[in-house]
Amino acid sequence: MGGIRLEKATKIYPNGVTALDAVTLDIRDGEFMVLVGPSGCGKSTLLRMIAGLEEVTEGSIVIGDRDVTRLRPRDRDIAMVFQNYALYPQMTVEDNLGFGLKLRRVPKPERARRVRGVAATLGLETLMERRPGLLSGGQRQRVAMGRAMVREPTAFLMDEPLSNLDAKLRVSMRAELARLHDRLGVTTVYVTHDQVEAMTLGQRVAVLRDGVLQQCDTPQRLFHDPTNLFVAAFIGSPSMNVVEARVSDGRVEFAGFSLPLPAGSPVDDGARDVILGIRPTDLRHAADAPPSEPRISVRPDLVEELGGVTNLLFPIDAPRVQTDATRAAIEAASDDDATLLADDRRARFCASIDGRRRVVPGEELELAVDHRQLHFFDPATGDAISRGSGAGA
């Protein structure tokens, strides 16, 4: 059994800074778990604590059926893949793959068997006599993966292993990693700051902010049922549109617009102020939506034609939502999303519509709103107001 259990795992540095605050997380045997969040959120620290490279201040870590909280890294039966590959430049690919086994005094025939098997799995057979300097970035990454695989560990720990690759190669390597995990079925904990990478790789994704676990769930649940405003704004590209709104008499009003609440809405219980969230994908060209969906008229000032999808950016007559959660999401967003969230004091919305629809910047356009998919958040706490929150670990 190679599951990993963290029970109130806490890391406090000697200067008093709390890097991780009582994180409890169950990583199932054979699961691909991704840790994601802004820079400084504690995700790499958490990975290093699992590996034994950082001491645990409070709490415990169990791998399989063993409490490894105080064990040395070499005694934890894990293998780690780093961002910088850490290959020995003077060694061939074959020697790099087998070096860890040699240090552990694995018999030569067994060592050769494992190295050949991993080389075949990763397509490295024709590269065995080359040195790292003669390999491409993707090939070096596969060698680093292979060096971990020959250990046949209980779990793999990966710290942003694709961040040094170019965008196109990252996409193909993500696919390779997913196929490899399906084949091996080994528990994997993967750290990334890239939420697209997290959503495409993780069977479940744990979102951290300031050392606190915000939500751990499947990518779909994180997208459709975020537990708070930070997760809502952080997950999804383009980011969720958020605006202050007022709910009363079965309608939600914002920026001069008024939308009906669907049956069973979690906020249809009296008048109240809320923060409203609308995913860009829930705003469609009116011609592509059923008549039952309410319409709003907007005037896009920026049209991004991306082929299959066109992103429309337009201002609305409301102030930007400025909370700690949205500011943290802005800091963690891509450049485009940060511009969308923080352009000026007025809120800006994004709609992702069918790319076959031609839209002229500056011209008025009618959009349909899928009001069944509206998100609502408490303005004071940022917590989601929902029928069923997905915050469980």
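Scroll up for the structure.
Going along each chain's sequence as written, the residues are numbered from 1 onward. Owing to the predicted nature of the model, reporting of local features is limited to residues with pLDDT of at least 70; listing and counting of side-chain atom pairs is limited to 80 or more, with chain, interface and lining totals taken over all residues. To obtain the side-chain values, all non-hydrogen atoms of the structure were included, while hydrogens and water were left out.

Here we look at the packing of helix α2 (residues 93–103) against helix α4 (residues 137–149)
Threshold: Between N-to-C directions, angles span 0 to 180 degrees; the directions come from axes that are lines fitted to C-alpha atoms, helices contributing only their stretch in contact. Segments assigned H or I by DSSP are reported as helices when at least four residues long, segments assigned E as strands when at least two residues long, and all are numbered from the N terminus. Orientation labels follow simple angle bins: below 35 degrees gives roughly parallel, above 145 gives roughly antiparallel, 65 to 115 gives roughly perpendicular, and whatever is left gives oblique. Crossings are sorted by hand: turned counterclockwise from the far helix by less than a right angle, the near helix makes the crossing left-handed, and turned clockwise it makes it right-handed. For this analysis, residues touch if any pair of their heavy atoms sits within 4.5 Å. Amino acids are sorted into nonpolar (Ala, Val, Leu, Ile, Met, Phe, Trp, Tyr, Cys and Pro), charged (Asp, Glu, Lys and Arg) and polar (every other residue, Gly among them).
Contact geometry for α2 and α4: axes closest at 7 Å, N-to-C directions at 30 degrees. Considered as vectors, α2 and α4 are oriented roughly parallel to each other. Here α2 and α4 pass one another in a crossing that is right-handed. Here V93, N96 and L97 of α2 come into contact with α4, specifically with V143, G146 and R147. Classifying every residue of the contact of α2 with α4 by side-chain character gives three nonpolar, two polar and one charged.

What about the sheet that holds strand β21 (residues 375–377)?
Cut-off, in case you're wondering: Strand pairing is assigned whenever DSSP detects at least two bridges linking the two strands.
In spatial order, the strands read β13-β12-β11-β14-β21; together these five strands make up an open sheet with antiparallel pairing. The strands lining the two open edges of the sheet, one partner per strand, are β13 (257–260) and β21. For this sheet the average axis-to-axis angle between neighbouring strands, irrespective of direction, equals 40 degrees. Pairing between strand β14 (residues 272–278) and β21: three bridges, direction antiparallel. Residue pairing for β21: G277 is matched across the bridge by H375.

Observations regarding empty space enclosed by the protein
Spelled out, the test is: Using a 1 Å grid laid over the protein atoms alone, points where a 1.4 Å probe fits but cannot get out form a cavity; open sets with protein on both sides within 12 Å along at least 5 of 7 lines form a pocket; any residue with an atom within 4 Å of a point counts as lining. Grid points are joined across faces, edges and corners, and a volume is the space filled by probe spheres set on the points.
The tally for this structure, following the rule as stated, stands at two cavities of 30 Å³ or more. Considering only enclosed or pocket space, the second largest cavity measures out at about 70 Å³ in volume. As for the second largest cavity, its lining consists of F32, M145, F156, M158, L177, L180, H181, L184, G185, V186 and T188. Elements that contribute at least two residues to the lining of the second largest cavity include exactly β7 (155–159) and α5 (167–184). With four residues, α5 is the largest single contributor of residues to the lining of the second largest cavity. Counted by class, the lining of the second largest cavity contains eight nonpolar, three polar and no charged residues.

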